[in-house]
Amino acid sequence: MARKNPNIVITGTPGVGKTTHAEQLARSLGFKHVSINQIVKDEGFHEGKDEELGSWIVDEDKLLDYLEATSLSDTGGYILDWHACDLFPERWIDLVIVLRCDSTILYDRLTARGYKDKKLEENMDSEIMQVLLDEARESYREEIVVELRSESAEDVEGNVERVEGWVKAWRKDNGAEGDEEKKDA
Ligand code: ADP
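Numbering of residues starts from 1 in every chain and runs along the sequence as written. Local features in this predicted model are restricted to residues whose pLDDT is 70 or higher, and side-chain atom pairs enter the listing and the counts only when it is 80 or higher, whereas totals over whole chains, interfaces and linings include all residues. As a convention, hydrogens and water are excluded, and side-chain values are obtained from all of the structure's heavy atoms.

By definition, any uninterrupted DSSP run of H or I lasting at least four residues is a helix, any uninterrupted run of E lasting at least two residues is a strand, and each is numbered from the N terminus. The topology assignment puts Leu80 in strand β5 (residues 78-81). Measuring from C-alpha to C-alpha, the distance between Leu80 and Val167 comes to 15 Å, with 87 residues separating the pair along the chain.

All right, on to the UniProt feature "binding site: ATP" (unreviewed entry) in the chain then. According to UniProt, the positions carrying the feature "binding site: ATP" (unreviewed entry) are Gly15, Gly17, Lys18, Thr19, Thr20 and Arg113. Along the chain, the position of Gly15 falls in the loop between β1 (8-11) and α1 (18-29). Exposure categories follow from relative accessible area, calculated using a 1.4 Å probe and restricted to protein chains: below 20% of the type maximum is buried, above 50% is exposed, and the middle band is partly exposed. Judged by relative accessible area, which is 11%, Gly15 ranks as buried. Those residues within four positions of Gly15 in sequence are excluded, and the remaining contacts are Leu106, Arg109, Leu110 and Arg113. Here, residues are in contact when the closest pair of their heavy atoms is within 4.5 Å. Setting aside residues up to four positions removed in sequence, Lys18 forms contacts with Ile10, Thr11, Gly12, Thr13, Asp81, Trp82, His83 and Leu99. UniProt positions are given in the numbering used here, feature names are shortened, and annotations may be inferred rather than shown by experiment.

There is a patch of nonpolar side chains on the surface, built from Ile128, Met129 and Val131 and spanning about 300 Å² of accessible area. Examined against the element boundaries, Val131 turns out to sit in helix α6 (residues 131-139). The partly exposed category is assigned to Val131, whose relative accessible area is 38%. Patches draw on residues past 30% relative accessible area with no salt bridge. Two like charges within 9 Å are joined, as are two nonpolar side chains (Val, Leu, Ile, Met, Phe, Trp, Tyr) within 5 Å. Accessible areas in this description were obtained via Shrake-Rupley with a 1.4 Å probe; residue shielding takes into account the shown protein chains only. When a carboxyl oxygen of Asp or Glu lies within 4 Å of a side-chain nitrogen of Lys or Arg, that pair is called a salt bridge.

Enumeration over the complete set of coordinates arrives at nine salt bridges. In this structure, the salt-bridge partner of Arg149 is Asp155, at a minimum N-O distance of 3.3 Å. We classify Asp155 as buried; its relative accessible area is 11%. By sharing partners, the salt bridges in this structure join Arg100, Glu127, Arg137 and Glu147 into a single network.

Residues in contact with the ligand amount to 15 residues; listed here are only the nearest, Gly15, Lys18, Thr19, Thr20 and Arg113. The term polar contact refers here to a pair of N or O atoms within 3.5 Å; inside protein, the definition further demands a hydrogen-donor-capable atom paired with an acceptor-capable atom, and it admits residues adjacent in sequence only when both atoms are side-chain atoms. The side chain of Thr20 places a nitrogen or oxygen atom 2.6 Å from an oxygen atom of the ligand. For the ligand, an oxygen atom lies 3.4 Å from a polar atom in the side chain of Arg109. For the ligand, the protein covers 70% of the area, taking 560 Å² as the surface of the free molecule. Broken down by secondary-structure element, the contributors of at least two residues to the shell around the ligand are α1 and α7 (153-173). Per element, the largest residue contribution to the shell around the ligand is three residues, and it comes from α1. The residue inventory of the shell around the ligand, partitioned by class, reads four nonpolar, seven polar and four charged. When we say a residue is near a molecule or strand, we mean one of its heavy atoms is within 4 Å of it. In the scheme used here, Gly and all other residues not listed as nonpolar or charged are polar, with Ala, Val, Leu, Ile, Met, Phe, Trp, Tyr, Cys and Pro taken as nonpolar and Asp, Glu, Lys and Arg as charged.

The next subject is the sheet that holds strand β6 (residues 95-100). The pairing criterion is simple: DSSP has to find at least two bridges between the two strands. Spatially, five strands are ordered β2-β5-β1-β6-β7 in an open sheet, and the strand pairing comes out parallel. Bordering the open sheet on either side are β2 (32-35) and β7 (145-149), each of which pairs with just one other strand. Shown here is a sheet whose adjacent strand axes are inclined to one another by a mean of 20°, direction ignored. Looking at chain direction, β6 and β7 are connected through five bridges and run parallel. Residue Val98 lies in a different strand from β7, and its bridge partner there is Glu147. Here an angle of 0 to 180 degrees is reported between the N-to-C directions of two axes, which are lines fitted to C-alpha atoms, with helices fitted over the stretch in contact.

Below is the structure:
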């Protein structure tokens, strides 16, 4: 069955603003915000924590089986929020947003979160070396990957508006809007 709504991945280094964007977009679009970190933790889809980095060692098979059983691949309208993106099957995903942030701003956000030592260093390096952007470009078609800046509240506002416009166009292109008009004609 053709999806009625697109599925969107929001990715980027921790601290770039994924949760902030995903929550606002889910609210304004009426989409479901899926925080992959939360699911991994709540459902126990992991094999413990990497002690040094403090991140979960994810059981990807269990996570994907769980997502497959939702209406994500059926009706769509999901926002997947995670600091990785290469594991989601291409057929599920219509747009990949990679959020980016200046390194001094990111440094302040991460230290405010209590990140230090190796965890802080690895995340800073990841942003500077655009690891997530490269991962997105390697994993998905070029035309569905967009890089957006997330440094100020105005950026968030502008990004949300842009994605709303994109979703509208997607619905039109995919025949998910205007069916009623066609029937009436
Ligand atoms: P992530 O989910 O990527 O780890 P969050 O959305 O939790 O990031 O944001 C981390 C912190 O940075 C939060 O305190 C959030 O309010 C702030 N933040 C994120 N994006 C922006 C932005 N564009 N402008 C101002 N503050 C931001």
